[in-house]
Amino acid sequence: MSANNKQLIKNWIEKKLQGQGNPLEDLDQQVVFFIPGASANPLFGKFVGIEEVKRFFQLLQAKLLQKKVTQSFLVKDYIADKKQVVVLLEETFIPEKEPSNVSFNHTAWVFKLNDEQKIVDLYCYDNTLVTSKVLE
């Protein structure tokens, strides 16, 4: 099961979060999605349930479009133990106006899956300083 969970999460990050499918279809209806950070930024905080996570993705996409920034993810490493997967990844922000002014964010995400291989918890240890700077 660990190998299947690793592949599911890798595909979720590298494909579905980058527009190749619907990332919401792999989430449990009661998913808990948490990104610590300043409460003044609506992209940081706790999002509970599929509708709240959908709202988070909508907020993020709107901010990326407004700032004209492309975001991508690269899985650097990951480990799995039964229903939990920890992913180390590199998040890249590329501004349309200055493509050479790339910002990198190195993060760790912790996923917990249920028996149906749906994501029930996602905790993002994000470098909020980078994210805030790019999307302010």
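See the structure shown above.
Residues numbered from 1 in each chain as written. Predicted model: local features only at pLDDT ≥ 70, side-chain atom pairs only at ≥ 80, totals over all residues. Heavy atoms only, no water.

**Student:** I keep staring at the layout of surface pockets and nothing clicks. Help me out?
**Tutor:** Over the atoms, a rolling probe the size of a water molecule traces out where space has been left empty. Estimated volume of the largest pocket: approximately 360 Å³. In terms of lining, the largest pocket is formed by 25 residues, of which the most central are Phe-56, Phe-57, Leu-60, Gln-71 and Phe-73. Elements represented by at least two residues in the lining of the largest pocket include exactly strand E1 (27-35), helix H2 (50-67), strand E3 (69-81), strand E4 (84-95) and helix H3 (128-135). Looking at the lining of the largest pocket element by element, the count peaks at six residues for H2. When its residues are assigned to classes, the lining of the largest pocket shows 16 nonpolar, five polar and four charged. Of the volumes computed, that of the second largest pocket is approximately 290 Å³. In terms of lining, the second largest pocket is formed by Gln-66, Lys-67, Lys-68, Val-69, Phe-93, Pro-95, Lys-97, Glu-98, Asn-101, Ser-103, Lys-133 and Val-134. Elements supplying a minimum of two residues to the lining of the second largest pocket: H2, E4 and H3. (1 Å grid on protein atoms, 1.4 Å probe; cavity = no way out; pocket = protein on both sides within 12 Å on 5 of 7 lines; lining within 4 Å. Points joined across faces, edges and corners; volume = space filled by probe spheres on them. Helix = DSSP H or I, 4+ residues; strand = E, 2+ residues; numbered from the N terminus. Nonpolar A, V, L, I, M, F, W, Y, C, P; charged D, E, K, R; others polar.)

**Student:** Please clarify how the packing of aromatic side chains should be interpreted in this entry.
**Tutor:** The geometry of two aromatic rings is summed up by the distance between their centres and the angle between their planes. The full count for this structure, using the stated rule, is ten aromatic pairs. Both rings, one in Phe-33 and one in Phe-47, keep their centres 6.3 Å apart while their planes meet at 65 degrees; by these two values the pair is edge-to-face. Placement of the pair is Phe-33 in strand E1 and Phe-47 in strand E2 (residues 45-48), with a sequence separation of 14 residues. We note that Phe-33, like Phe-47, is buried. Among the aromatic residues, ring-to-ring pairing joins Trp-12, Phe-73, Trp-109 and Phe-111 into one connected group. (Phe/Tyr/Trp six-rings, centres within 6.5 Å; stacked < 30°, edge-to-face > 60°. Buried < 20%, exposed > 50% of the residue type's maximum accessible area, 1.4 Å probe, protein only.)

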